[in-house]
Amino acid sequence: MFRNEFNHKIAMKKLLLLGVLAAAGLAISCTQDPYRGLEPGLSADLQANIAAADSANRPELLDALIRAPKNQKEGMAFLIAYMPQGDRDTLTADFLLEEVNWAYKARETFPWAKALPDSVFYNDVLPYASMNERREPWRAMFWEMLCPLVEGMTDVREAIDTINKQLQHLVHVEYNTKREKPNQSPSESMRQGMASCSGLSVLLTDAFRTVGIPSRIAGTPLWVSKEGNHNWTEVWIDGEWYFTEYYPTPALNRSWFLERAGKADKSDPIFWIYATSWRPTGIHFPMVWAFRNRNVPGVDVTDFYIDLYNAQMAEEKNGAPVAIRLFRAKEGGRSSADRVAQDIKVVDKEGKMVAAGKTAGPTADMNDYLTLYLPFDRTLTAEFTDAQGTEHCATFSTPKRPDPEQQLPLTEVELFLD
């Protein structure tokens, strides 16, 4: 994908590098061996992947390895050793050196990045991509955008919260199913001003990585309810992974989709929850737009989400889940574009408020909707007042408390502006 832009440059570099290696005998000499000093397992994987690369691009990979500064060589070796075929056949040394240099600059700049184990830095900060999005140099752009927001901070949680809240206002990208493709790179999403949940996750993950915060994409190819797929972002803090989204919630590990993720069916991998990895894991991260593509390593994190959901449900005291959606018109459509974001409150027969929340609008993920946990076996009313002062409401009943072994039924409530 970078080849067209750099064809002439690549050809000249190949001739120069091959000439130097051949003339000086450096390819296998004991003093200039590019694999010298690497851990044996990493060295073997690196040599195997370079050997598997298109012969026309092997000089680029060797060039990147040889030119990498001493303190960056192991990271560069890790990146090349486990890059997918499409990258090892096309990416230039200049591209790799620039992206790796920016990653190490973050490690040297931010206290949370300095404290990272090499294994986490290599796998979840250093990579220039998460899935099969277009390869492009995004770190310099994000550095200029985000560094002023977090420089001087010492608490990684504060940095995560700041970036999570500000990114959408800096890149001007919103969720929209009319985007060109699901797996967009940052520049592709910013050019259009729209992205899918996957594209938004790429933006947020790359933003975190730019400032040395370990981040990866998580998601499922299919909810157990068969209501489609979804992807989001995870961040690593002090040895633990937490989830968040492009549109942040008040706290980590809190979002509309946890109820679905927590009901994943472990008996069928199509319903599992996965996270991306750079290092091979033995399984792959499924991408619904390229379902046969097995080039992205994955981690099975299903149990984490099931356990987290069960713990939060206990905190919610097992109330009855009620999904509330607000649409423009009763006789109109029910698509994402027809939804309206509005503050809603739920009251009982005496008019006392039981709960409150905000419905998802047209820019929210199409699977996102306001879910409240309300008292069992009650008649309640969801109500709101529109901009003209008109009151709207819908009365509904919650189910009786189910037996412990039964799944909680979902009550669905629709409200309308017209």
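Data block above holds the structure.
Computed from a predicted structure; not experimentally measured.

A.B. asks: Got a minute to help me understand the overall build of the chain in this structure?
C.D. replies: Along the backbone of the chain there are 14 helices and 14 strands. By principal-axis analysis of the C-alpha atoms, the chain measures approximately 90 × 45 × 45 Å. By residue count, 53% of the 418 residues in the chain fall in the buried class. Within the chain, contacts between residues at least 6 apart in sequence are counted, and of these 63% link residues at least 24 apart. When the accessible area of the chain is evaluated, it comes to approximately 19,300 Å², of which 51% is carbon and sulfur surface. Positive and negative charge centroids in the chain, built from 45 and 56 side chains respectively, lie 3 Å apart.

A.B. asks: What should I look at first to understand the side chain of Arg-107 in this one?
C.D. replies: Structurally, Arg-107 can be placed in helix H6 (residues 93-109). Residue Arg-107 is classed as buried on the basis of its relative accessible area, which comes to 14%. Among the polar contacts listed, one links the side chain of Arg-107 to the backbone oxygen of Leu-116, at a separation of 3.0 Å. Discounting residues that sit within four places of it in the chain, Arg-107 has contacts with Ala-113, Lys-114, Leu-116, Pro-117, Asp-118 and Phe-121.

A.B. asks: Even after reading the chapter, I still don't get helix H12 (residues 197-210), so can you show me in this structure?
C.D. replies: Since one α-helical turn is 3.6 residues long, residues separated by three or four positions face the same way. Helix length check: H12, at 14 residues, gives a terminal C-alpha distance of 20 Å against a target of 20 Å (1.5 Å per residue), a fit within 8%. The residue sitting at the N-terminus of H12 and contributing the capping side-chain oxygen is Ser-196; that oxygen lies 3.2 Å from the backbone nitrogen of Ser-198. Two residues or fewer past H12, Gly-212 is found with a positive phi of approximately 80°.

A.B. asks: Help me out: how do you make sense of the sheet that holds strand S13 (residues 391-397) in this one?
C.D. replies: The strands that make up a sheet pair up through hydrogen bonds in the backbone, lying either parallel or antiparallel. The strand order across the open sheet formed by 4 strands is S10-S9-S12-S13, and the pairing between neighbours is antiparallel. Of all the strands in the sheet, the pair left with one neighbour each is strand S10 (353-358) and S13. Between one strand axis and the next, the sheet turns by 20° as a mean value, whatever way the strands run. Across 3 bridges, strand S9 (residues 343-347) lies against strand S12 (residues 379-385) in antiparallel orientation. Of the residues in S12, the one forming a bridge with Lys-345 is Glu-383.

A.B. asks: How do you make sense of unusual backbone geometry when you look at a structure like this?
C.D. replies: For residues that are not glycine, phi is negative in most cases, and the peptide bond is trans in most cases. Despite not being glycine, His-172 has its phi angle at roughly 55°, a positive value. Positionally, His-172 belongs in the loop between helix H10 (156-171) and strand S1 (174-175).

A.B. asks: Even after reading the chapter, I still don't get the packing of aromatic side chains, so can you show me in this structure?
C.D. replies: Working definition: an aromatic ring pair is given by the centre-to-centre distance plus the angle between the planes. Under the counting rule described, the total for this entry stands at 21 aromatic pairs. For the pair Phe-95 and Tyr-128, a centre-to-centre distance of 5.6 Å together with 75° between the ring planes defines the contact as edge-to-face. Taken together, the residues Phe-95 in helix H6 and Tyr-128 in the loop between helix H8 (118-124) and helix H9 (139-150) connect sequence positions 33 residues apart. As far as burial versus exposure is concerned, Phe-95 and Tyr-128 are alike and both buried. A ring pair is formed by Trp-223 and Phe-257, whose centres lie 6.5 Å apart and whose planes are at 25°; its orientation type is stacked. On the criterion of sequence distance, the pair formed by Trp-223 in the loop between strand S3 (215-220) and strand S4 (230-237) and Phe-257 in the loop between strand S5 (240-244) and helix H13 (258-261) is long-range, its members being 34 residues apart. You can call Phe-257 buried: its relative accessible area is 0%. What links up through ring pairs into an aromatic cluster is the set Trp-223, Trp-232, Phe-243, Trp-256, Phe-257, Phe-304 and Tyr-305.

A.B. asks: Any chance you could explain H6 here in plain terms?
C.D. replies: When the terminal C-alpha atoms of H6 are compared, their 24 Å separation across 17 residues agrees well with the 24 Å that a helix rising 1.5 Å per residue should span. Listed in full, the buried residues belonging to H6 are Ala-93, Phe-95, Leu-96, Leu-97, Glu-99, Val-100, Trp-102, Ala-103, Tyr-104, Ala-106 and Arg-107.

A.B. asks: Would you mind showing me how to read the nonpolar core here?
C.D. replies: Nonpolar side chains in soluble globular proteins generally cluster together in the buried interior. Residues Leu-96, Leu-167 and Ile-213 are the most contacted members of the largest nonpolar core, which totals 72 residues. Ignoring sequence-local partners within four residues, the contact set of Ile-213 consists of Trp-112, Asp-124, Val-125, Val-156, Ala-159, Ile-160, Ile-163, Phe-208 and Val-235. Counting 19 residues, the second-largest nonpolar core is a separate cluster that includes Trp-223, Ile-273, Val-301 and Leu-408.

Quick notes on the rules
- Residues numbered from 1 in each chain as written.
- Predicted model: local features only at pLDDT ≥ 70, side-chain atom pairs only at ≥ 80, totals over all residues.
- Heavy atoms only, no water.
- Helix = DSSP H or I, 4+ residues; strand = E, 2+ residues; numbered from the N terminus.
- Buried < 20%, exposed > 50% of the residue type's maximum accessible area, 1.4 Å probe, protein only.
- Contact = heavy atoms within 4.5 Å.
- Areas by Shrake-Rupley, 256 points an atom, 1.4 Å probe, with all protein chains shown as cover.
- Lys, Arg positive; Asp, Glu negative; His and termini not counted.
- Charge placed at Lys NZ, Arg CZ, Asp CG, Glu CD.
- Polar contact = N/O pair within 3.5 Å; in protein donor to acceptor, adjacent residues only side chain to side chain.
- Expected span 1.5 Å × (residues − 1).
- Pairing = 2+ DSSP bridges.
- Axes fitted to C-alpha atoms, helices over the stretch in contact; angles between N-to-C directions.
- Phe/Tyr/Trp six-rings, centres within 6.5 Å; stacked < 30°, edge-to-face > 60°.
- Core = buried A, V, L, I, M, F, W, Y, C linked by side-chain atoms within 4.5 Å.

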